[in-house]
Amino acid sequence: MPRSEPPPGASAPAPAAGAPGREALTLMSLVPSLRFMAGLVIAALIILGLYTGRTILVPLALAFLLSFVLDPLVVRLKRVGIPRLAAVLLVVAATLSVLGVTAVFVTNEARVLSEQLPSYQNTIRKKLRSLAQQLRAPGMFEGAKRTLDIVQSEVEAATPPRRATPGQGRAVQQVQVQPRELTPAQQALAAFDALKRPATDAGLVLVFVIFILLDRVDLRDRLLRLLGGNLHRATDAMDEAGARISRYLIMQLTVNVSYGIPMALGLWAIGVPGAFLWGALAGLMRFVPYVGAFVAALFPVTLAFAVHPGWSLVMWTIGLILVLELISNNIIEPWLYGASTGLSILSLIVAATFWATLWGPVGLIMSTPLTVCLLVIGRYLPQLAFLDILLGSQPVLDEPTRIYQRLLAGDPEEAIELSAAQIDQFKGSVPAFYGQVALPVLRMAMGDHMRVATPEHRLRLFQGMDELLDDLQEQYPPPAPVAAAMDAAHGSIVCLGGKWELDHIAARMAAHALALQGWSTQTRAFGALTAEHLDSLALDGVQVVCVVWLAPDPVAAARHFCRRLQRRWPRVRIVLALWGELLEPVEQDAARPLGADVVTLTLAETLARVGELQGLRLGEGFEEAPIPKDDAARVQALRASGVLGSAEVRQVCLHTAKRAADIFDVQQAMVSLVDSDTQQALCSYGRLVASSDGPQVQEGEEDEGRQASTPRRLSPCAHVVAQGQPMVVADVGRDARFAGNPVLRERGVRFYAGAPLRDDAGHVLGALCLMDTRPRAFDPRELRLLQAMADDLTASWRGTTGAAPVAPSPVPPPEPAEPSATVGQVVP
């Protein structure tokens, strides 16, 4: 209805009590802009303070960085019984001694080289004259030069001469200003003025380093207090910053030394004067990012040009530098650095420019450690999270988000390219791509559908997803018999979308994945749930109907849909696939109340359950653990290790199991060893307590050291041994590999996480595992901690047995799991 206008002369109605006025709404809309402007002002003030206070801040920052390198030495001296004050003084004295000896050596080399330089003047003159003659000789551009000279002379001849002005013909008298000779006292004062600032800065750095090393604990407590009230987050931030900066500085020092020593020896071998001076300079200049290596290479190349009459020494010098750069950049640095800083290349370049502008050459040297501190602050302080996004090297968008963004932008071609790259990473498995990448895209689209998506964005998404699915169906067609049956409309399985267009797109994915598994599958058009629409479904002769729903709260609508299907076609088996981000969890026994035969939550579970309804028995409901290729050597290493019958090892394992159960808050932790045919529970702590939705199991507080054996084919730890990497099953009941495992079903296990136990030869002897009767999530950080505990456990075996169990090894990335084989969570 059109809005009625107030009559002329009538006053505007007063706002309702409690409703914000127009001025208040205007002010509220300006709050984000005001916050942004305030942030810019604060950032400008901080930068101004860094620049104006550089006299104090530069030595202080340099002292903090040096303390990261020297503090580990102080800690080692304290461990041998030396007091902290004495340890600090010893470390500082040793550092000053090393720097002093290096300075004396470099000064002596420079003095000797300066005495030899006058003898190279004739060689330099001859080479410069030779270069000048070669440049004056006729070359490839000589004809063009002559043509230009002729054109210039013709133009000058055609131009009338200018009239001479008075005084134009007078000769210019050259004037040379001779510097005044300084007295010895004036020379000493000039030298003092030149050295005053560096000496002052060095003294400040020395004082700061000593007091930082002495008051390290107090400074740590004060920084924790400044970072806020969340002690866990502040501790993690300080630990990560310290670990990254210490590793970077130590590795940078190692790389520079490993570069400078070969440089000095190589220059000495080929005959370049001052070889050890240039080696020390090369090692020092590599602290300066990007430009330091080029500046250090300029001096020996120039000197090689000056001292040798030919060009062979110059070529040898350039070749030596190139070989060392290739080895250092491509072998040594990646091996030592790894992901020590976590900074992107662009952020390193921008940071180097920024800090060099503020603090000069010292700022350029300290740019990487200072930027690492900003990165860590942004990672742990939500208010500064933009620093982590701008500076970090980790991708800020995962693959589903990238594909979703390209679809919203109306660029399905790039979305198809990204999808093809993901399928290659999944070893050509389209179902794996659907389950782990494409479905998260649809979940994001469903979440944005009613909140922020515009009609244009929805149209782009629907059209882009149609093009993507059409392309994948063309590239990965089903087997020929299945395709023929589908073309003849004889599909035994029909996939339906629940209500929305996105549900229909997800149903197309399910149909394609089922067809690739060898099942004759079709999709039906979705529509309003009317009698006419039900007639158009034509489900006569169909065995299984898979109804896909992406809505977060689909229970009521899904129940209504499934019951109407069941009344119309009572012999059809219904699989209700609830693939959205559900507001409330759906249990396994919820199928019957919803009018379905099976309720699934993932594509992988859907594929497995549809196969079971079609009569396929997937290994009697579970997947037996595979046998690795080197299993004979692995079993021999296990039996030779001595851990099977060692009571001392058993006590160490029991202590680790107790700690793991407490740290991760699970009902049971166990250390298992996998033999040729059985899994031996070396020790376990805790008992699986009955849950409300699982089978009843015996309750108890602890089950210390009970050694029990399980057939290897039924052991989830045997899967960890076969994979050689950590494994997480978030919900055993919904994982096709373990849902029918009689051992896990009897004990009521719904959650499992295991980390491999390796020996020095790399053989996986068993697993440190966690179990619970409730499904739960387990993030990658927790899994890394579990792997670290497993590494510590195997390292502790070294002191209790004759074997030499494992050194800690990095967690390898997992192989992409086939959706038909797993529904659980596999985390790197």
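Within each chain, residues carry numbers counting from 1 in the order of the written sequence. Reporting of local features is limited, given that this is a predicted model, to residues whose pLDDT is at least 70; pairs of side-chain atoms are given and counted only at 80 or more, and all residues count toward the totals for whole chains, interfaces and linings. Heavy atoms from the whole structure form the basis of all side-chain values; hydrogens and water molecules are not counted.

Participant: I tried to follow the overall build of the protein on my own but got confused; where do I start?
Facilitator: From N to C terminus, the protein includes 27 helices and eleven strands. Relative accessible area decides the class of each residue, using a 1.4 Å probe on protein chains only: under 20% of the type maximum gives buried, over 50% gives exposed, and in between gives partly exposed. Burial status across the protein gives 40% buried among its 828 residues. We call two residues contacting when some pair of their heavy atoms lies within 4.5 Å. Partitioning the intrachain contacts of the protein with sequence separation of at least 6 by distance along the chain shows that 70% fall at a separation of at least 24. All accessible areas in this document rest on Shrake-Rupley with a 1.4 Å probe, and a residue is counted as covered only by the protein chains that are shown. Accessible surface, the protein as shown: approximately 46,100 Å² in total, 62% of it carbon and sulfur. For the purposes of this entry, the term helix denotes a DSSP run of H or I that reaches at least four residues, the term strand denotes a run of E that reaches at least two, and both are numbered from the N terminus.

Participant: Teacher, can you tell me more about the packing of aromatic side chains here?
Facilitator: The description of two aromatic rings rests on the distance between their centres and on the angle between their planes. Two rings from Phe, Tyr or Trp (for Trp, the six-membered ring) form a pair when their centres are within 6.5 Å of each other. A pair whose planes differ by under 30 degrees is stacked, one over 60 is edge-to-face, and the rest are tilted. With the rule as written, the count across this model stands at eight aromatic pairs. Summarising the aromatic geometry, the rings of Phe433 and Tyr434 are spaced 6.0 Å apart at their centres and angled 45° between planes, so their arrangement reads as tilted. An identical accessibility class is assigned to Phe433 and Tyr434; each is buried. Taking 5.7 Å as the distance between ring centres and 50° as the angle between the ring planes, the aromatic pair formed by Phe751 and Phe778 counts as tilted. With Phe751 in strand E10 (residues 751–758) and Phe778 in the loop between strand E11 (764–772) and helix H27 (780–796), this residue pair connects regions lying 27 residues apart in the sequence. Like Phe778, Phe751 is buried. Consider the ring centre and the ring normal. A charge sits over the ring if Lys NZ or Arg CZ is within 6 Å of that centre and within 35 degrees of that normal. In this arrangement the basic side chain of Arg568 is found over the ring face of Trp569, its NZ or CZ atom lying 5.3 Å from the centre.

Participant: Is there a simple way to think about the confidence of the model for the protein in this case?
Facilitator: Parts of the prediction with low pLDDT should not have their coordinates interpreted in detail. Looking at the protein, the pLDDT average stands at 78 and 78% of residues meet or exceed 70. The predictor rates its confidence in each residue with pLDDT, a number between 0 and 100. Low pLDDT, under 50, characterises residues 692–707; the stretch is placed with 46 contacts to residues that sit more than four places away or in other chains. Contacts of residues 801–828 to residues separated by more than four positions or lying in other chains number 87 contacts, the stretch itself having pLDDT below 50.

Participant: How do you make sense of unusual backbone geometry when you look at a structure like this?
Facilitator: Note: most peptide bonds trans; most residues except glycine with negative phi. If you check the backbone angles, Lys427 has positive phi at about 60° while not being a glycine. Relative to the helices and strands, Lys427 resides in the loop between helix H15 (412–425) and helix H16 (430–449). Judged by its relative accessible area of 59%, Lys427 is exposed. A positive phi is found at Asp665, a non-glycine position, where the angle reads about 55°. Its location among the elements puts Asp665 in the loop between helix H24 (647–664) and strand E6 (668–674).

Participant: I tried to follow a nonpolar patch on the surface on my own but got confused; where do I start?
Facilitator: A cluster of nonpolar side chains, contributed by Phe105, Leu253, Val257, Ile261, Leu265, Trp268 and Phe276, occupies part of the molecular surface with about 680 Å² of accessible area. Among the elements that make up the nonpolar patch, the one with the highest residue count is helix H8 (residues 231–270) (five residues). Tracing the chain through its elements places Leu253 in helix H8. A patch consists of residues whose relative accessible area exceeds 30% and which take part in no salt bridge; residues with like charges are grouped when within 9 Å of each other, and nonpolar side chains (Val, Leu, Ile, Met, Phe, Trp, Tyr) when within 5 Å. Criterion for a salt bridge: a side-chain nitrogen of Lys or Arg within 4 Å of a carboxyl oxygen of Asp or Glu.

Participant: I'm lost on the pattern of salt bridges in this one. Help?
Facilitator: Between side chains of opposite charge, pairing is possible as soon as their charged atoms come close. Counted under the stated rule, the structure contains 18 salt bridges. In this structure, the salt-bridge partner of Arg406 is Asp411, at a minimum N-O distance of 3.1 Å. The same class applies to Arg406 as to Asp411, namely buried. As a salt-bridge pair, Asp675 and Arg639 come within 3.0 Å of each other at their nearest N and O atoms. Taken together, the residues Asp675 in the loop between E6 and strand E7 (678–685) and Arg639 in helix H23 (residues 631–641) connect sequence positions 36 residues apart. Residue class for Asp675 comes out buried when judged on its relative accessible area of 14%. Overlapping salt bridges bring together Asp71, Arg84 and Arg216 as one network.

Participant: I keep staring at the nonpolar core and nothing clicks. Help me out?
Facilitator: Side chains of nonpolar character tend, in soluble globular proteins, to be buried together. Ranked by internal contacts, the top residues of the largest apolar core, which has 48 residues, are Phe433, Tyr434, Leu442, Met465, Leu502, Met509 and Trp579. Sorting elements by how many residues they give to this core places H16 first, with eleven residues. Take the buried residues of types Ala, Val, Leu, Ile, Met, Phe, Trp, Tyr and Cys, join any two whose side-chain atoms come within 4.5 Å, and each joined set is a nonpolar core. Among the nonpolar cores identified, the runner-up in size contains 31 residues, and Cys683, Leu768, Leu770 and Ala790 belong to it.

Participant: What should I look at first to understand the sheet that holds strand E1 (residues 493–497) in this one?
Facilitator: In a beta sheet, neighbouring strands pair by backbone hydrogen bonds and run either parallel or antiparallel. A sheet is described by the order of its strands in space; here five strands give the open sequence E2-E1-E3-E4-E5, paired in parallel fashion. Each end of this open sheet is capped by a strand with a single partner; those strands are strand E2 (521–523) and strand E5 (598–600). Each strand axis lies, on average, 20° off the axis of its neighbour in the sheet, ignoring direction. Under this scheme, a helix contributes an axis fitted over its contacting stretch, all axes are lines through C-alpha atoms, and angles between N-to-C directions fall in the 0 to 180 degree range. Helix H21 (residues 555–568) rests against E1, strand E3 (544–549) and strand E4 (573–578) of the sheet, and its axis sits at about 165° to E3. Here helix H22 (residues 603–613) sits on the sheet and contacts E1, E3, E4 and E5; the angle it forms with E5, its principal contact strand, is near 160°. Being paired, for any two strands, means DSSP has found at least two bridges between them.

Participant: Please clarify how the sheet that holds E6 should be interpreted in this entry.
Facilitator: The strand order across the open sheet formed by six strands is E8-E7-E6-E11-E10-E9, and the pairing between neighbours is antiparallel. Each end of this open sheet is capped by a strand with a single partner; those strands are strand E8 (709–711) and strand E9 (727–729). On average, each strand axis in the sheet is inclined to that of its neighbour by 25°, with strand direction left out of account. Direction of pairing for E7 relative to E8: antiparallel, over a ladder of three bridges. Counterpart to Gln680 in the pairing with E8 is Ser709. Contacts between H27 and the sheet are confined to E6, E9, E10 and E11, with E10 contributing the most and set at about 40° to the helix.

Participant: Help me understand the pairing of E1, please; the structure alone is not making it clear to me.
Facilitator: For E1, the buried fraction is high: five of the five residues fall into the buried class. Burial of the side chains of E1 extends over both faces: Ile493, Cys495 and Gly497 are buried on one face and Val494 and Leu496 on the other. In this fold, the crossover linking E1 to E2 by way of helix H19 (residues 501–516) has right-handed handedness. Throughout, right-handed denotes a crossover for which the path from the first strand over the helix to the second runs clockwise when the strands point away from the viewer.

Participant: Sorry, what's going on with the side chain of Glu325 here?
Facilitator: Mapped onto the elements, Glu325 comes out in helix H11 (residues 312–337). Counting of polar contacts relies on pairs of N or O atoms within 3.5 Å, with two restrictions inside protein: one atom must be capable of donating a hydrogen and the other of accepting it, and residues adjacent in sequence are counted only when both atoms are side-chain atoms. Of note is the side chain of Glu325, whose polar atom sits 2.9 Å from the side chain of Tyr259. Excluding its chain neighbours within four sequence positions, the residues that come into contact with Glu325 are Tyr259, Arg286 and Ala293.

Participant: Is there a simple way to think about the state of the cysteines in this case?
Facilitator: Put plainly, a disulfide is one covalent bond tying together the sulfur atoms of two cysteines. The definition used for a disulfide is geometric: two cysteine sulfur atoms within 2.5 Å. Summed over all chains, the structure comprises zero disulfides. Cys653 supplies the cysteine sulfur nearest to Cys683, a cysteine that is in no disulfide, at a spacing of 4.6 Å. According to the relative accessible area criterion, Cys683 is buried, its value standing at 0%.

Participant: Looking at this model, I keep getting lost on empty space enclosed by the protein. Mind explaining?
Facilitator: One way to see where empty space is left: roll a probe the size of a water molecule over the atoms. Here the term cavity refers to a set of points on a 1 Å grid, laid over the protein atoms alone, in which a 1.4 Å probe fits but cannot get out; the term pocket refers to an open set having protein on both sides within 12 Å along at least five of seven lines, with lining residues being those that place an atom within 4 Å of a point. Grid points are joined across faces, edges and corners, and a volume is the space filled by probe spheres set on the points. Inspection of the entire model under this criterion finds three cavities of 30 Å³ or more. Looking at the largest cavity, its volume works out to about 40 Å³. Residue lining of the largest cavity: Tyr404, Leu408, Ala445, His449, Ala453, His457, Arg458, Leu461 and Phe462, and that is the complete set. Elements that contribute at least two residues to the lining of the largest cavity include exactly helix H14 (399–408), H16 and helix H17 (455–475). A per-element tally of the lining of the largest cavity places H17 first, with four residues.

Participant: Just checking my understanding: could you explain helix H2 (residues 54–79) for this structure?
Facilitator: Three or four residues apart is the spacing at which side chains of an α-helix point the same way, because the helix has 3.6 residues per turn. Take the number of residues in a helix, subtract one, and multiply by 1.5 Å to get its expected span. Here H2 contains 26 residues, and its C-alpha end-to-end distance of 37 Å stays within 8% of the 38 Å for a straight helix at 1.5 Å per residue. For H2, the principal kink sits at Val69 and spans about 40°; a proline, Pro72, occurs within the next four residues. When H2 is considered as a whole, its buried residues turn out to be Val58, Pro59, Ala61, Ala63, Leu65, Ser67, Leu70, Asp71 and Val74. Note that bend, as reported per residue, equals the angle between axes fitted to the 7 residues terminating at that residue and the 7 residues originating from it.

Participant: I would appreciate a short explanation of the pairing of E10 in the present structure.
Facilitator: Along any regular strand the residues' side chains alternate between the sheet's two faces. Of all eight residues in E10, eight are buried; the element is thus mostly enclosed. Pairing of E9 with E10 involves three bridges; the strand directions are antiparallel. Looking across to E10, one finds that Met727 is bridged to Gly754. As paired strands, E10 and E11 are joined by eight bridges and run antiparallel to one another. Its bridge partner being in E11, Arg758 is matched across the sheet by Val764. Taking the residues that link successive antiparallel strands as the turn, the E10-E11 hairpin has five residues, and the phi of Gly762 there is positive, at about 90°.

Participant: Mind showing me how you'd approach the environment of Arg774 here?
Facilitator: Along the polypeptide, Arg774 turns up in the loop between E11 and H27. Residue classification places Arg774 among the partly exposed residues on the basis of a relative accessible area of 45%. In sequence terms Arg774 and Ala730 are 44 residues apart; their C-alpha atoms lie 9.1 Å from each other.

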